[in-house]
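# Analysis of the macromolecular model
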Amino acid sequence: MKVFSRAQMGRLGFTDATLRTAIRQGRVRRLRQGWFAFDDADPTVVSAVKAGGVLGCVSALTLNSLWVPPGYSNVHVRRSKALRGAGKRAGCTTPVGRAPATLTAVDPVEYALACAASCMTAEDWIAVCDSYLNSTGTSVDDLRFRLEPFTGYRLAGLLEKVDERSQSGTESIMRVRLRATGFDVVVQPGIAEYEWADMRIGRLLLECDGRQYHETKKQYAKDRRRDRRSLKDGWMSMRFIYDDVIFGWADTLADIRGVTDDDRHRVRSVRSRRAVDRSLRRNQL
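What counts as what
- Residues numbered from 1 in each chain as written.
- Predicted model: local features only at pLDDT ≥ 70, side-chain atom pairs only at ≥ 80, totals over all residues.
- Heavy atoms only, no water.
- Salt bridge = Lys/Arg side-chain N within 4 Å of Asp/Glu carboxyl O.
- Helix = DSSP H or I, 4+ residues; strand = E, 2+ residues; numbered from the N terminus.
- Axes fitted to C-alpha atoms, helices over the stretch in contact; angles between N-to-C directions.
- Parallel < 35°, antiparallel > 145°, perpendicular 65-115°, else oblique.
- Left-handed = near helix turned anticlockwise from the far one by under 90°.
- Contact = heavy atoms within 4.5 Å.
- Nonpolar A, V, L, I, M, F, W, Y, C, P; charged D, E, K, R; others polar.
- Core = buried A, V, L, I, M, F, W, Y, C linked by side-chain atoms within 4.5 Å.
- Buried < 20%, exposed > 50% of the residue type's maximum accessible area, 1.4 Å probe, protein only.
- Pairing = 2+ DSSP bridges.
- Polar contact = N/O pair within 3.5 Å; in protein donor to acceptor, adjacent residues only side chain to side chain.

## Structural notes on the pattern of salt bridges
In this structure the tally under the stated criterion is 11 salt bridges. In this structure, Lys2 engages Asp40 in a salt bridge whose closest nitrogen and oxygen atoms are separated by 2.8 Å. Of this pair, Lys2 sits in the segment before β1 (3–5) while Asp40 sits in the loop between β3 (35–38) and α3 (43–50), and the two are 38 residues apart along the sequence. Ionic contacts of the salt-bridge type, sharing partners, join the residues Asp141, Arg144 and Glu160 into one network.

Next up, the structure:
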């Protein structure tokens, strides 16, 4: 990000004299009183600090490379005493509890998550939390502990629906939507000795192919081999791409219901029952 407070610049070795020299040479610029940016600083962070706040909420999550669904392109600024003018209207709602001091140009991820619960839809926030947990190896209990100072009734309810096993944002969105519709969704079911599916409903496997992970030829071939082997064990499979879940959900849900409404996903044969029993045992390990 390369945007720092005066205290941080001091820890980087800048005295008042060397800081003035850097500004005069164009290597550093003053954004507002007490805040400075190097010439290659992230423009989003610069805009937030220039407005009188710090980068927070959804924007901070995006900067930290968490998966964020489309629809949150505006710069989210966390309020500080210096927030002014148009920036004051752009400031995000402060969550429950005492807000930390604005000591860094970008809010810590945990506090950004707490703020984002007020700016994002419930399912989008859950998907971002899944992304955070999966990418950092943090457990749901650990996240709940870190967010406890800022947790109100709504946030506590959302945390009950977070799942660190989710492998992609698309998968998270599909899981939340299906459960809200009443489906009994099993996450990351084991379907072979070293294979897992994204989700299953009965014996129907649901696979979410993301934009990047499944584009390689190697992964494409692996997915197709898994589909063939799972069919031999009595599983049914349906594959969905990013656009199916994010932009075409009505048709996607209709396709799933086209199978479940006829009870074709029910476990009836001995072969399917054995496959499900093996899957349940694997998930308990």
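## Digging into the packing of helix α7 (residues 122–136) against helix α8 (residues 140–147)
It is at 10 Å that the axes of α7 and α8 come closest, and there the two elements cross at 110 degrees. Considering their axes alone, α7 and α8 lie roughly perpendicular with respect to each other. Crossing of α7 over α8 shows right-handed handedness. When α7 is examined against α8, the residues Trp125, Cys129, Tyr132 and Leu133 are found in contact with a partner set consisting of Val140, Leu143, Arg146 and Leu147. Of the residues belonging to the contact of α7 with α8, the class tally is 7 nonpolar, no polar and 1 charged.

## A word on the nonpolar core
One finds Val3, Leu61, Leu113, Trp125, Leu143 and Val162 to be the most contacted residues of the largest nonpolar core, which totals 44 residues. Looking at this core, the elements that each hand over two or more residues are β3, α3, β4 (54–55), α4 (57–63), α6 (109–119), α7, α8 and α9 (153–159). The dominant element in this core, judged by the number of residues it contributes, is α6, at 8 residues. If we skip the residues at most four places from it in the chain, Leu143 touches Leu113, Cys129, Tyr132, Leu133, Thr138 and Leu159. Ranked by size, the runner-up nonpolar core spans 21 residues in total, among them Met199, Ile201, Ile246 and Trp249.

## Describing the pairing of β3
Burial along β3 is two-sided: the face carrying Trp35 and Ala37 and the face carrying Phe36 and Phe38 are both buried. Of the strand pairs in this sheet, β1 and β3 are connected by 3 bridges, and their pairing is antiparallel. Bridge pairing in β3 places Ser5 opposite Trp35. By the bridge criterion, 4 bridges tie strand β2 (residues 28–32) to β3 in an arrangement that is antiparallel. The residue bridging Arg32 from the neighbouring strand is Trp35, located in β3.

## With respect to the pairing of strand β11 (residues 236–241)
With burial as the criterion, only one face of β11 is covered, namely that bearing Met236, Met238 and Phe240; the residues Ser237, Arg239 and Ile241 on the opposite face remain uncovered. Relative to β11, strand β10 (residues 204–209) runs parallel, the two sharing 6 bridges. Within the sheet, the bridge partner assigned to Leu205 lies in β11 and is Ser237.

## Notes on the side chain of Ser59
With respect to the element layout, Ser59 can be found in helix α4. The exposure class of Ser59 is buried, given its relative accessible area of 11%. A polar contact of 3.4 Å, which involves the side chain of Ser59, links it to the backbone oxygen of Asn74. Polar side-chain contacts of Ser59 include one of 2.8 Å to the backbone nitrogen of His76. With residues up to four places along the chain from it excluded, the contact list for Ser59 reads Asn74, Val75 and His76.

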